[in-house]
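Geometric and topological summary
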Amino acid sequence: MKDVNQNPLNKKIINSFLDSNEFHKVKILIFEEIDSTNRYLSDLEIDKNTLYICSAEKQIRGKGRGNKKWESPTGQNIYLSLSFQLEKNSNLNGYSLMVGLAIRDSLNELYGINSKIKWPNDIFFENRKFCGILIETKFENNLRKIIVGIGINVFMQTNDHIDQDWTSLKLIDGEKKFDRNLIIGKLTSKILNYSKTFEKYGFAHFQNAFNQHNYLKNKIVTSENFEGKDCKVKEVDAEGKLKVEIEKEAKLISSGELSFKIKE
Amino acid sequence: MDIRKVKKLIEMLEDSNLNEIEIKEGEESVKLVKAGSNLSQTLVAQPAAQPLEGKSITKEEPEKIEKDTEVEETKKVSGKEIKSPMVGTFYGAPNPGAETFVKVGDNVNEGDVLCIIEAMKMMNEVKADFSGTIIDIVPDDAEPVEFGQTLFILE
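First, a word on scope: everything that follows refers to the structure included in this document. (Residues numbered from 1 in each chain as written. Chains lettered and ligands numbered in written order. Predicted model: local features only at pLDDT ≥ 70, side-chain atom pairs only at ≥ 80, totals over all residues. Heavy atoms only, no water.)

Helix and strand content of chain B: two helices and 12 strands. Considering only intrachain contacts with a sequence separation of at least 6, the fraction spanning at least 24 residues in chain B is 50%. As presented, chain B carries roughly 8,300 Å² of accessible surface, and 49% of it is formed by carbon and sulfur atoms. (Helix = DSSP H or I, 4+ residues; strand = E, 2+ residues; numbered from the N terminus. Contact = heavy atoms within 4.5 Å. Areas by Shrake-Rupley, 256 points an atom, 1.4 Å probe, with all protein chains shown as cover.)

Taken together, the contacts link 15 residues of chain B with 29 residues of chain A. A combined buried area of about 1,800 Å² lies between chain B and chain A, and 52% of that area is made up of carbon and sulfur atoms. Contact with chain A buries area across many residues of chain B, yet M120, K121 and M122 of chain B alone supply 46% of it, more than any other trio. The interface formed by chain B and chain A contains two salt bridges. With its nearest N and O atoms 2.7 Å apart, the salt bridge here joins K121 of chain B to D122 of chain A. For the interface between chain B and chain A, the tally reads nine residue pairs in polar contact (both at pLDDT 80 or more). Those elements that place two or more of their residues in the side of chain B that touches chain A are β6 (88–91), β8 (113–119) and β9 (122–127) of chain B. (Buried area = accessible area lost by both parts, 1.4 Å probe. Salt bridge = Lys/Arg side-chain N within 4 Å of Asp/Glu carboxyl O. Polar contact = N/O pair within 3.5 Å; in protein donor to acceptor, adjacent residues only side chain to side chain.)

What follows covers the sheet that holds strand β10 (residues 242–246) of chain A. All names here are of chain A. Spatially, the five strands line up as an open sheet ordered β11-β10-β9-β8-β12, and their pairing is antiparallel. Because the sheet does not close on itself, it has two edges, and the strands there are β11 (249–253) and β12 (261–262). Pairing of strand β8 (residues 220–222) with strand β9 (residues 230–236) involves three bridges; the strand directions are antiparallel. Bridged to T222 within β9 is D230. (Pairing = 2+ DSSP bridges.)

Now the structure itself:
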């Protein structure tokens, strides 16, 4: 289903929407078709102080977590990866939550879409996911290279291959004229802006904002990590860990393969 | 005997009401005695008649050591360690079910990817800081690891 307002991805237009930022150089790479934008930037040797923005109309092997595939049909959605370098010893606890918050806030500012973040960083609108984030880091030449992969369903209205409740910006608000170039420019700027604050103050600076939009807050969930016992979700702490209560006992979750089932 | 097995045994012993465990596997045997038990404060690893192959907790140690079990274990580690740069979950392969980055016996070069530590959906590659042969991979796949915990032992 093609949307009439669906403009092709365009380097110059994306560039025009970037806020002037502190990176000396920005390289924008647009592909008609690619295996995975994350894979491309992961393998690319990047220059210091350069921001790399890679996007494609279609991904053949869009990556989700683990073996999961990210559905990436031609022209319908945003498949975006950003890469840049950070100091080797940067404390990145909670960084992935901050990225989710940056995307949520961008879409709220641009289109008034008030979405929620499911810890650590899936973005939901009314119990349906429309954005996933996958972050990779690696050490190179004494710096830490980070690759932020973002998939946002934009115009997609049908897809038989997704095995969970999903939505798209178009399904959320059929009246709005969504522009992928604008979204990419603005949310990239937002992520960089938040990253600078993050490098100074850490996740603690974003903790309250995250908790305001914390999708799981006060929900009862079960997780294989806790043998299917009921967990009551509280908030995230200053490092982005999720506080839960299991049989009256407080626990902090920071990692692991978590698949929450929401019981409500 | 695999050092991880010994580690598991130590954990089992600590959690149990037993004062000692003795395990025999073919030529090898290990006897663990709980520290503070009224039997004796020793950890005894008894070499069998034949020399053990590869790494073993008995290799360079006398038969009896008056130490508690945990100190004992770290002391027996030979070779250079690669430690976890962060708290997270250890993954030996790029994807579930995929071939692991490295296995025991592999020769690795400085800069080779050894594993991924995942935390809050950030996948962090851990590379070898130096070249060598992998003699042990300490955590099991998908096991939580602490900052500074030994992941690999190379020699």
